[in-house]
Amino acid sequence: MILSLTLLLLCQLAGEILARTFALPVPGPVVGMALLLGVLILRDRRPSGLPTPMTDGTLERTGKGLLAHLSLLFVPAGAGVIGRLDVLAAHGLALALSLVVSTVFALVATVLTFSSVAKRTGR
Amino acid sequence: MTGDFALWVFLSRTPLLWLTVTLTAYVVADRVSAATRRHPLANPVLHAIWMVGLVLMVTRTPYAVYFEGAQFVHFLLGPATVALAIPLYEHRKTVTRVLVPMLAALLVGSTVALVTCIATAKLLGVPDPILIALAPKSVTASVAMGITSALGGDPTLTAVLVILTGILGAILVTPLLDRLGVKDYRARGFAAGLAAHGIGTARAFQVSEVAGTFAGIAMGLNAFLTAVLVPLALAFLR
């Protein structure tokens, strides 16, 4: 598990360095996600000689353990929002309506585009 | 009395107390969510944050003090984002098969999210500086705040709007898409991640691993596309 966490952190660190060095428009952890994907592909090409936690499912279990409680990780930032609801004071209702309208349209447009194109391309 | 006070002064300044409050609020909210079979309105993020907010208000604890403890949880967002590569890799065959529908949905969804949001706010008389902070609300907080700062808006307002959008999207996605009769969990997850970033992704993982995987992809891709589209959309709609 320690090895798996170290690998996740290494990917994040490398991602942050790349994102900042090249001023990429995506955050470091997203670059880190792409890097870990690369590591997983390489691992399965040549699995011999790697430390066992990388090949016996420990890495997968550690990662999925984090993802199983993804909601928890938003609580500290979310609690900050409660104290700053005052920034909405001036246009609260207009902003709330815009969020609802836009979120509904975005969900519907995305899901319908995805499923209709998937059907059309026979997937 | 002075003894109690000394204990409180000690506790309120250690990370232990606020870390425990964060985890306890989440455990309670998650139990309720599980007991209601993951009902959308029992969203654990929503209920955990008002519980923590209430504790902070009652104890008059400044957010900065709370965050000293809660930062350990917050920090894990980074490694968790990296870990999205794991389900993505496991479902790679499912994902590569639908590259075309994914890219089409990304372009349409991202544009619709932006345009409907700016247009509605403009119709309701929201001034331009606030429009800048509102425009990137569907993408993950760090990117959204970066976009807003670059365009001269208020990143704090963006952070608030991003979190609210995430919770709203996580609550709306299931009843809305049930009503539309869409049963494809690839499409449903993708929509959740695109419209409601990480909080939508957390919701998608509650429903199915495939939905969560597609939500994670949509979140990453939309962060990239929105960074390109926001300046264009604002220039066009002004």
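Residues numbered from 1 in each chain as written. Chains lettered and ligands numbered in written order. Predicted model: local features only at pLDDT ≥ 70, side-chain atom pairs only at ≥ 80, totals over all residues.

- Looking at an unreviewed UniProt entry, one finds chain B named Membrane protein, with Methylobacterium aquaticum as its source organism.
- Check the Subcellular location (unreviewed entry) section of the UniProt entry for chain B; it says "Membrane". (UniProt positions renumbered as here; feature names shortened; annotations may be inferred.)

- Going by the annotation in an unreviewed UniProt entry, the name recorded for chain A is LrgA, with Methylobacterium aquaticum given as the source organism.
- You can read under Subcellular location (unreviewed entry) in the UniProt record for chain A the words "Cell membrane".

### A short note on the overall build of chain A
Here is step 1 of the chain: Tallying secondary structure elements over chain A gives six helices and zero strands in all.
Here is step 2 of the chain: A compact globule built from 123 residues would reach a C-alpha radius of gyration of about 14 Å, whereas chain A, at 20 Å, exceeds it by more than 25%.
Here is step 3 of the chain: Sorting the 123 residues of chain A into buried and exposed places 41% on the buried side.
Here is step 4 of the chain: The long-range share in chain A, meaning contacts at least 24 apart out of those at least 6 apart in sequence, stands at 36%. (Helix = DSSP H or I, 4+ residues; strand = E, 2+ residues; numbered from the N terminus. Rg over C-alpha atoms; globule rule 2.2 N^0.38 Å. Buried ≥ 20, exposed ≤ 12 C-beta atoms within 10 Å, placed from the backbone. Contact = placed C-beta atoms within 7 Å.)

### Side note on the overall build of chain B
Here is step 1 of the chain: Along chain B, the regular secondary structure elements total 13 helices and zero strands.
Here is step 2 of the chain: The helix and strand sequence of chain B, counted from the amino end, reads α-α-α-α-α-α-α-α-α-α-α-α-α.
Here is step 3 of the chain: Taking 2.2 N^0.38 as the reference for a compact globule, 238 residues should give roughly 18 Å; the C-alpha atoms of chain B span a radius of gyration of 19 Å, in line with that estimate.
Here is step 4 of the chain: Taken along the three principal axes of its C-alpha coordinates, chain B extends 65 × 40 × 30 Å.

### A closer look at the UniProt feature "transmembrane region" (unreviewed entry) in chain A
Residues and elements named next belong to chain A.
Here is step 1 of the chain: Taken from the UniProt record, the annotation "transmembrane region" (unreviewed entry) applies to residues 29-45, 66-85 and 91-114.
Here is step 2 of the chain: End C-alpha to end C-alpha, residues 66-85 measures 29 Å, and it is 60% helix and 0% strand.
Here is step 3 of the chain: Counting secondary structure, residues 91-114 comes out at 96% helix and 0% strand; the distance between its end C-alpha atoms is 34 Å.

### Regarding unusual backbone geometry
Residue and element names in this part refer to chain B.
Here is step 1 of the chain: Unusually for a residue other than glycine, Arg37 sits at a positive phi of about 50 degrees.
Here is step 2 of the chain: Mapped onto the elements of the fold, Arg37 is located in the loop between helix H2 (15-35) and helix H3 (44-58).
Here is step 3 of the chain: Judged by the 7 C-beta atoms lying within 10 Å of it, Arg37 falls in the exposed class.

### With respect to the interface of chain A and chain B
Here is step 1 of the chain: Contacts between the two partners involve 63 residues from chain A and, on the opposite side, 91 residues from chain B.
Here is step 2 of the chain: Sorting the residues of the side of chain A that touches chain B by element identifies helix H1 (2-21), helix H2 (28-45), helix H4 (58-68), helix H5 (75-83) and helix H6 (92-120) of chain A as the ones contributing at least two each.
Here is step 3 of the chain: When residues of the side of chain A that touches chain B are assigned to their parent elements, the largest contribution, 22 residues, is made by H6(A).
Here is step 4 of the chain: A class-by-class count of the residues in the side of chain A that touches chain B yields 44 nonpolar, 15 polar and four charged. (Nonpolar A, V, L, I, M, F, W, Y, C, P; charged D, E, K, R; others polar.)

### Some details on the confidence of the model for chain A
Here is step 1 of the chain: Counting all residues, the mean pLDDT for chain A is 91, and 100% of those residues have values of 70 or more.
Here is step 2 of the chain: No element of chain A has a lower mean pLDDT than helix H3 (residues 52-55) of chain A, which averages 82, and none a higher one than H6(A), which averages 96. (pLDDT = per-residue confidence, 0-100.)

### Some words on the domain arrangement of chain B
Residue and element names in this part refer to chain B.
Here is step 1 of the chain: With domains assigned, chain B is organised as domain 1 (2-75) and domain 2 (86-237).
Here is step 2 of the chain: Placing a centre on the C-alpha atoms of domain 1 and another on those of domain 2 gives a separation of 27 Å.
Here is step 3 of the chain: Taken together, the contacts link six residues of domain 1 with eight residues of domain 2. (Domains from an automatic or database assignment.)

### Some words on the UniProt feature "transmembrane region" (unreviewed entry) in chain B
Here is step 1 of the chain: Within this structure's numbering, the places UniProt gives as "transmembrane region" (unreviewed entry) are residues 6-29, 41-59, 65-86, 98-121, 157-177 and 214-237 of chain B.
Here is step 2 of the chain: Here residues 41-59 of chain B is 79% helix and 0% strand, with 27 Å between the C-alpha atoms at its ends.

### Here's the deal with H4(A)
Note that an α-helix has 3.6 residues per turn; residues three or four places apart therefore point the same way.
Here is step 1 of the chain: All of the buried residues along H4(A) are A:Leu59, A:Thr62, A:Gly63, A:Leu66 and A:Leu67. Buried residues along H4(A) cover an arc of 135 degrees about the axis, so they all sit on one side. (Arc of directions from axis to C-beta.)

### A word on the packing of helix H10 (residues 141-150) of chain B against helix H11 (residues 155-180) of chain B
All names here are of chain B.
Here is step 1 of the chain: At a minimum axis distance of 9 Å, the contact between H10 and H11 shows a crossing angle of 145 degrees. At the point where H10 passes H11, the crossing takes the right-handed sense. The residues of H11 that touch H10, namely those facing Ala141, Ala144, Met145, Thr148 and Ser149, are Pro155, Thr158, Ala159 and Val162.
Here is step 2 of the chain: Looking at the contact of H10 with H11, its residues break down into six nonpolar, three polar and no charged. (Axes fitted to C-alpha atoms, helices over the stretch in contact; angles between N-to-C directions. Left-handed = near helix turned anticlockwise from the far one by under 90°.)

### Observations concerning the domain arrangement of chain A
Here is step 1 of the chain: For chain A, the assigned domains are domain 1 (1-68) and domain 2 (74-123).
Here is step 2 of the chain: A straight line from the C-alpha centre of domain 1 of chain A to that of domain 2 of chain A covers 29 Å.

### Focus: H6(A)
Here is step 1 of the chain: Taking 1.5 Å of rise per residue, the 29 residues of H6(A) would be expected to cover 42 Å, and the 42 Å separating its terminal C-alpha atoms lies within 8% of that figure.
Here is step 2 of the chain: A positive phi of about 70 degrees marks A:Gly122, the residue just after H6(A). (Expected span 1.5 Å × (residues − 1).)

### Description of the confidence of the model for chain B
Here is step 1 of the chain: Of the residues in chain B, 98% have a pLDDT of 70 or more, and the chain-wide mean is 92.
Here is step 2 of the chain: In the model output, the complex is listed with pTM 0.91 alongside ipTM 0.92.

### Section: the environment of B:Ile163
Here is step 1 of the chain: Following the sequence through the fold, B:Ile163 ends up in helix H11.
Here is step 2 of the chain: Take B:Ile163: there are 26 C-beta atoms within 10 Å of it, and that puts it in the buried class.
Here is step 3 of the chain: Separated by 25 residues in sequence, B:Ile163 and B:Ser138 have C-alpha atoms that sit 9.1 Å apart.
Here is step 4 of the chain: If we skip the residues at most four places from it in the chain, B:Ile163 touches A:Ala77, A:Gly78 and A:Val81.

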